[in-house]
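# Geometric and topological summary
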Amino acid sequence: QGAVIVLLGGIGSGKTTLINMWRTRIRDRLLQTSEFWKQKNFPKLEHELIEIKPNVKSKMYGETSERMYAAENETRRVDRVNIALVDDIDLLAEMKRDEGSHGGADKDILKVLMEILSGTDLTIRNRGNVQWIAATNEPTAMDTALLQRFIAQYEVEGPIEWYDYSDIISDKLGKWIKKGIIGIES
């Protein structure tokens, strides 16, 4: 089954870093299980990242939805694990239906995303091996019905206290500190 995940958090809270960690974890897991897949007549199970970016919008009527459906069709391939990524989904389109400021492309994006995500929890045979993940800085800017289609919603707070920042510096510079390239005094 596919996962439908949205990360909610402010700017700089680490949503994109978590997405990259998730992608790496999937890639590593596929490499670990490659022997099993060889026995099942898959020479190597691949993964593909399908990113839906703001350039999916078009001024031509109907072209935006065609591009969205083309991306969705890529997620239906069953010979690989498909990772569909919509980073900064709140920037992709004005996602509030009750406000009258929508353009045609915004309505197309909202309509297609609603259709796609309403059936992502179906079996793999019907939908392909797809994992949907999105990130937003402004969850209140999203349409409520669209937000509800994301089965898993995680708040990403980012660093808050001084020791959070200390942990980040230690993780990023730990090797350099141990080698003496960077010196930190107490």
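All figures in this text were calculated on a predicted structure; none of them were measured in a lab. (Residues numbered from 1 in each chain as written. Predicted model: local features only at pLDDT ≥ 70, side-chain atom pairs only at ≥ 80, totals over all residues. Heavy atoms only, no water.)

## Here we look at the confidence of the model for the protein chain
Across the protein chain, the average pLDDT comes to 78, with 84% of residues at 70 or higher. Mean pLDDT across the elements of the protein chain bottoms out in helix 6 (residues 124-127) (48) and peaks in strand 5 (residues 152-155) (88). Taken together, the stretch residues 121-126 has pLDDT below 50 and engages in 8 contacts with residues farther than four places along the chain or on a different chain. (pLDDT = per-residue confidence, 0-100. Helix = DSSP H or I, 4+ residues; strand = E, 2+ residues; numbered from the N terminus. Contact = heavy atoms within 4.5 Å.)

## With respect to a nonpolar patch on the surface
On the surface, I169, I177 and I184 cluster together into a nonpolar patch covering about 260 Å² of accessible area. Note on placement: I184 falls in the segment after helix 8 (162-179). By relative accessible area, which is 55% here, I184 ends up exposed. (Patch = residues over 30% accessible without salt bridge, like charges linked within 9 Å, V, L, I, M, F, W, Y side chains within 5 Å. Areas by Shrake-Rupley, 256 points an atom, 1.4 Å probe, with all protein chains shown as cover. Salt bridge = Lys/Arg side-chain N within 4 Å of Asp/Glu carboxyl O. Buried < 20%, exposed > 50% of the residue type's maximum accessible area, 1.4 Å probe, protein only.)

## Some points on the nonpolar core
By size, the foremost hydrophobic cluster in this structure holds 27 residues, and its most contacted members are I52, I89, L113, W132, L146 and F150. Ranked by residue count, the leading element in this core is helix 5 (residues 104-117), at 7 residues. Counting residues in each nonpolar core, the second largest holds 13 residues, with L7, W22, I26 and I83 among its members. (Core = buried A, V, L, I, M, F, W, Y, C linked by side-chain atoms within 4.5 Å.)

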